[in-house]
Amino acid sequence: MLKQRIITALILAPTAITAIFYLPISYFAGLLMAIIAIGAWEWARFIGLTNTIQRLAYVWVTTALIGLLWWYLPVDTAWFTVTGLPFELTSLLWLSVIWWFFAALLMFSYPKSSTLWAKNRLVIGLFGWLTLVPTWLAFMILRTHNYTLDEYHGAQLLMYLFMLVWSADVGAYFIGKAMGKHQLMPNVSPGKTREGFLGGVFCAVILTLVVGISLHWTSKQFISALLVTVLISSISVIGDLTESMFKRQAGVKDSGAILPGHGGILDRIDSLTATAPVFALCYILLA
C-alpha cells in the first residue's frame, strides 16, 4: 500500500504543479471543476445515493453552482486585486469558515451528532455543497490574485498552500507511525494519533521557517506566517477527520478507487477543502 501511495503521489504531484503554474486560467478553472465533479460523485455515496441517475443529478447541481460563480465573475480577470475582493465572494468564504467550524463541532461530538443529520439526505447533500463549492472558489481567488500584474503570483500562493498541507500530511503519517501512542479521535479515525497531529504541525512550521529565511521575511511577516501555518495545518486535520466521519457513517473505507493507494478524489483533497477557504481569507485579511 505504501509503495502504491508513493507511486501515485510521484505522478500526482508534478501534474498538480504543472496545472497550477502553466495552465491558462480558464483551463485551470475547468480542470478544477472536473475534479470537484468527481468529488461530488463520491460524496453522493455519503448521501446514500446508489442509483447512477441520482448521483449524476447531484454532480450536475454541484457543477451548476460552480458554473454560476464562473458566470458571475469570468475567470480571465483577477478576482482578488490590490483593491480587495468583491463583498459577495468574501461573504462566501466566511460562510465556508462557519461551515467548517460547525463541521468540527459535529466531528468532535460524533457519533452523538449523527442523530442530527445521518438520516437526512438533503442535509448531507448540503454539507457536500458547503464543502466542495467554496473549494473551487478559494482556489480561483488565490490563482487569479493580481493575475494581470504577475501571472505566477497566485500560482505561488496555491503552491505554498499545497506544500503546507503536504508537509503536515507527511509529517503526521510518519511521526504517527513511529511515535503515535495516543489516539486523536478514536470514534472518527482510530488510526490518527495526537503525536501524529503535532508532528504534522511541526513539519509545516519547519517548511514555513525555510521559506521565510529564503525569502528574507521580516519578523512581522514571520509571526503572521507562523500563526497562519499552525492554523492551516490544524484545520487540515479537521478536513481529513470530517471526511472520515462521513465515510464511517456511510460504511465505506475510501470515498472511491480512482487513485491507487489513495482511494478517491475526496481522500486526496479532504484537507484542501477545509484549508483553501481559510487560507484565502487569511491572505485577504493579512495581505
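All values reported here derive from a predicted model rather than from experimental measurement.

Before going further, it helps to spend a moment on the overall build of the protein. On a plain count of helices and strands, the protein comes out with 10 helices and two strands. Along the protein, helices and strands appear, N-terminal first, in the series α-α-α-α-α-α-α-β-β-α-α-α. Since a compact globule built from 287 residues should have a radius of gyration of about 19 Å, the 18 Å found for the protein is in line with a globular shape. Along the longest, intermediate and shortest principal axes, the C-alpha atoms of the protein span 50 × 45 × 35 Å. Of all 287 residues assigned to the protein, the portion counted as buried reaches 48%. In the protein, of all internal contacts separated by at least 6 residues, the share reaching a separation of at least 24 is 72%. Working note: accessible area of the protein is about 14300 Å², and carbon and sulfur atoms make up 71% of it. Across the protein, the 17 positively charged side chains and the 12 negatively charged ones have centroids separated by 13 Å.

What the rule picks out here adds up to three salt bridges. Residues Asp169 and Arg268 are paired through a salt bridge, measuring 3.7 Å at the closest nitrogen-oxygen approach. Of the two residues, Asp169 sits in helix 7 (residues 153-179) while Arg268 sits in helix 10 (residues 265-286), which places them 99 residues apart along the sequence. One salt bridge in this structure joins Asp267 and Lys247, with 2.9 Å as the shortest N-O distance. Remark: Lys247 occurs in helix 9 (residues 219-250) and Asp267 occurs in helix 10; sequence separation between them is 20 residues.

The next point concerns the nonpolar core. Within the largest apolar cluster, 74 residues are counted, with the highest numbers of intra-cluster contacts made by Trp43 and Trp136. When residues no more than four places from it in sequence are discounted, the contact partners of Trp43 are Tyr58, Ile124, Phe127, Gly128, Thr131, Phe246 and Leu266.

The next subject is the packing of aromatic side chains. A complete count under the given rule lists 19 aromatic pairs for this structure. Centroid distance Trp99 to Phe102: 6.4 Å. Interplanar angle 50 degrees. Geometry classified as tilted. Placement of the pair is Trp99 and Phe102 together in helix 4 (residues 87-108), with a separation of three residues, close to one helical turn. Assessed through its relative accessible area of 38%, Phe102 is described here as partly exposed. Aromatic side chains Trp117 and Phe127 sit 6.5 Å apart centroid to centroid with 65 degrees between the ring planes, which places their arrangement in the edge-to-face category. With Trp117 in helix 5 (residues 114-117) and Phe127 in helix 6 (residues 121-143), this residue pair connects regions lying 10 residues apart in the sequence. Neither Trp117 nor Phe127 differs from the other in exposure class; each is buried. Grouping aromatic residues by their ring pairs yields a cluster made of Trp43, Phe46, Trp99, Trp100, Phe102, Trp117, Phe127 and Phe246.

Now for the pairing of strand 2 (residues 189-193). With two bridges joining them, strand 1 (residues 183-185) and strand 2 adopt antiparallel strand pairing. The partner of Met185 across the bridge, within strand 2, is Ser189. Counting the residues that bridge the hairpin from strand 1 to strand 2 gives three residues.

What follows concerns the packing of helix 2 (residues 25-47) against helix 10. Where helix 2 contacts helix 10, the axes come no closer than 9 Å and their chain directions differ by 105 degrees. Considering their axes alone, helix 2 and helix 10 lie roughly perpendicular with respect to each other. Along its contact with helix 2, which presents Ile35, Ile36, Ile38, Gly39, Glu42, Trp43 and Phe46, the element helix 10 presents Ile265, Leu266 and Ile269. By residue class, the composition of the contact of helix 2 with helix 10 is eight nonpolar, one polar and one charged.

A word on helix 8 (residues 194-214). Along its 21 residues, helix 8 runs 31 Å from first to last C-alpha, staying within 8% of the 30 Å computed at 1.5 Å per residue. Turning to helix 8, its buried residues are Glu195, Gly196, Gly199, Gly200, Val201, Ala204, Leu207, Thr208, Val211 and Gly212. Those residues of helix 8 hidden inside the fold are in contact with helix 7, strand 2 and helix 9. Phi turns positive, to about 60 degrees, at His216, one or two residues after helix 8.

What counts as what
- Residues numbered from 1 in each chain as written.
- Predicted model: local features only at pLDDT ≥ 70, side-chain atom pairs only at ≥ 80, totals over all residues.
- Heavy atoms only, no water.
- Helix = DSSP H or I, 4+ residues; strand = E, 2+ residues; numbered from the N terminus.
- Rg over C-alpha atoms; globule rule 2.2 N^0.38 Å.
- Buried < 20%, exposed > 50% of the residue type's maximum accessible area, 1.4 Å probe, protein only.
- Contact = heavy atoms within 4.5 Å.
- Areas by Shrake-Rupley, 256 points an atom, 1.4 Å probe, with all protein chains shown as cover.
- Lys, Arg positive; Asp, Glu negative; His and termini not counted.
- Charge placed at Lys NZ, Arg CZ, Asp CG, Glu CD.
- Salt bridge = Lys/Arg side-chain N within 4 Å of Asp/Glu carboxyl O.
- Core = buried A, V, L, I, M, F, W, Y, C linked by side-chain atoms within 4.5 Å.
- Phe/Tyr/Trp six-rings, centres within 6.5 Å; stacked < 30°, edge-to-face > 60°.
- Pairing = 2+ DSSP bridges.
- Axes fitted to C-alpha atoms, helices over the stretch in contact; angles between N-to-C directions.
- Parallel < 35°, antiparallel > 145°, perpendicular 65-115°, else oblique.
- Nonpolar A, V, L, I, M, F, W, Y, C, P; charged D, E, K, R; others polar.
- Expected span 1.5 Å × (residues − 1).

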